Amino acid sequence: MRKKIIAGNWKMNKGPDAAREFAVEMTPKVDGGAADVVFCVPYVSLLAALDAAKGTFVAIGAQNMHFEDAGAYTGEVSPGMLKELGVKYVIIGHSERRAYFGETDDIVNKKAKAALVHGLMPILCVGESLEQRNLGITIEHVRIQVKIAFDGISAVDAEKIVIAYEPIWAIGTGVTATAQQAEEACAAVRQVVAELYGQPIADKIRIQYGGSVTADNAAELFAQPNIDGGLVGGASIKADFDRIVNYQ
């Protein structure tokens, strides 16, 4: 049985002091439970979060990275730098990165490969826009995103990737996909993985749902057979985030 993984994407919130304070407060409430827990924090707050989570089972993740090891990429952070800090996970291809910073499926693939080379575990995001859903091409769009993202990645490495299905129309809007909609898309993602690597690997890979997850809807979403936890945005920096983690 796949262990749930619940990752909080703090986005551009909480500098080092606030990050340390929140992590110190929240970590005891979510540590060592039924789910793996990850705090994905801004670059400047990584050290503070790592220090606050030291000695616990809570992992720290970054929200982005460049695919090159080093070079003339002003303002960017390499996978090796994150690994040296002690970061374990990194979000790859979040819809906000795609929409605001022009990240393509090809770039997402390069970042996923680079993360794996450096021993980081990608949380790889896919999902459709409202227009794509209304056109009835959600499954086709997500299938293409998964295929390109995993291109050239070995079966051994594929197992290390967490996939986050995040419908763009549900991110930060307060509108959540129904449990049925989320399950349908996550099942389609798993089917693509099965086509690429075989059913045994597809059965191992963890697939999250992301998009206005709250303490009130987490239990219903996470009860679906193909949803293995959540990539949680705004609710991950609220005082009741532990209710999402301890959704049982």
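Preceding this section is the structure that the text describes.
If you're wondering where the values come from, they're calculated on a predicted model, not measured in any experiment.

Cut-offs applied
Residues numbered from 1 in each chain as written. Predicted model: local features only at pLDDT ≥ 70, side-chain atom pairs only at ≥ 80, totals over all residues. Heavy atoms only, no water. Helix = DSSP H or I, 4+ residues; strand = E, 2+ residues; numbered from the N terminus. Expected span 1.5 Å × (residues − 1). Contact = heavy atoms within 4.5 Å. Polar contact = N/O pair within 3.5 Å; in protein donor to acceptor, adjacent residues only side chain to side chain. Buried < 20%, exposed > 50% of the residue type's maximum accessible area, 1.4 Å probe, protein only. Arc of directions from axis to C-beta. Axes fitted to C-alpha atoms, helices over the stretch in contact; angles between N-to-C directions. Parallel < 35°, antiparallel > 145°, perpendicular 65-115°, else oblique. Left-handed = near helix turned anticlockwise from the far one by under 90°. Core = buried A, V, L, I, M, F, W, Y, C linked by side-chain atoms within 4.5 Å.

*Asks:* When you look at helix H5 (residues 105–117) in this model, what are you seeing that I'm missing?
*Replies:* One full turn of an α-helix is made of 3.6 residues, so residues set three or four places apart face in the same direction. Here H5 is 13 residues long and its end C-alpha atoms lie 19 Å apart, about the 18 Å a rise of 1.5 Å per residue gives. Where H5 is buried, its residues contact helix H3 (79–85), strand S4 (89–92), helix H4 (95–101), strand S5 (121–126), helix H7 (138–149) and helix H8 (155–158). The positive-phi residue at the C-terminal boundary of H5 is Gly-119, with phi of around 80°.

*Asks:* Honestly, the environment of Arg-133 in this entry has me stumped. Any pointers?
*Replies:* Locating Arg-133 in the fold gives a position in helix H6 (residues 130–134). When the C-alpha atoms of Arg-133 and Leu-231 are compared, they prove to be 20 Å apart, with 98 residues separating the residues in sequence. Ignoring any residue separated from it by four or fewer positions in sequence, one finds Arg-133 in contact with Glu-128, Thr-138, Tyr-165, Trp-169 and Gln-181. Within the structure, the side chain of Arg-133 is placed 2.8 Å from the side chain of Glu-128, a separation counted as a polar contact.

*Asks:* What should I look at first to understand the side chain of Asn-217 in this one?
*Replies:* Mapped onto the elements, Asn-217 comes out in the loop between strand S7 (206–209) and helix H11 (218–222). Residue classification places Asn-217 among the buried residues on the basis of a relative accessible area of 16%. Within the structure, the side chain of Asn-217 is placed 2.9 Å from the backbone nitrogen of Thr-214, a separation counted as a polar contact. Once residues within four sequence positions are removed from consideration, Asn-217 is found in contact with Thr-176 and Ser-212.

*Asks:* Any chance you could explain H7 here in plain terms?
*Replies:* The terminal C-alpha atoms of H7, which comprises 12 residues, lie 17 Å apart, in line with the 16 Å expected from a rise of 1.5 Å per residue. Those residues of H7 that sit buried are Thr-138, Val-142, Gln-145, Val-146 and Ala-149. Buried positions in H7, seen along its axis, are confined to an arc of 95° and lie on one side of it. For H7, the elements touching its buried residues are H4, H5, S5, H6, strand S6 (162–165) and helix H9 (179–197).

*Asks:* Can you help me understand the packing of helix H1 (residues 16–30) against helix H2 (residues 46–53) in this one?
*Replies:* Helix packing for two helices is described by the angle between their axes and how far apart those axes are. Taken N-terminus to C-terminus, the directions of H1 and H2 make an angle of 20°; their axes are 8 Å apart at the nearest point. Of the possible angle classes, the one that applies to H1 and H2 is roughly parallel. For the crossing formed where H1 meets H2, the hand is right-handed. Side by side, H1 and H2 meet where Pro-16, Arg-20, Ala-23 and Val-24 of the first sit next to Ala-48, Asp-51 and Ala-52 of the second.

*Asks:* Can you help me understand the nonpolar core in this one?
*Replies:* A general trend in soluble globular proteins is that nonpolar side chains are found buried together. Ranked by internal contacts, the top residues of the largest apolar core, which has 70 residues, are Phe-39, Phe-150 and Ile-244. Looking at this core, the element that brings in the most residues is H9, giving eight residues. Discounting residues that sit within four places of it in the chain, Ile-244 has contacts with Ile-6, Val-213, Thr-214, Ala-215, Ala-218, Phe-222, Val-232 and Ala-235. Residues Ile-5, Cys-40, Tyr-89 and Ile-123 belong to the second largest nonpolar core, which totals 12 residues.

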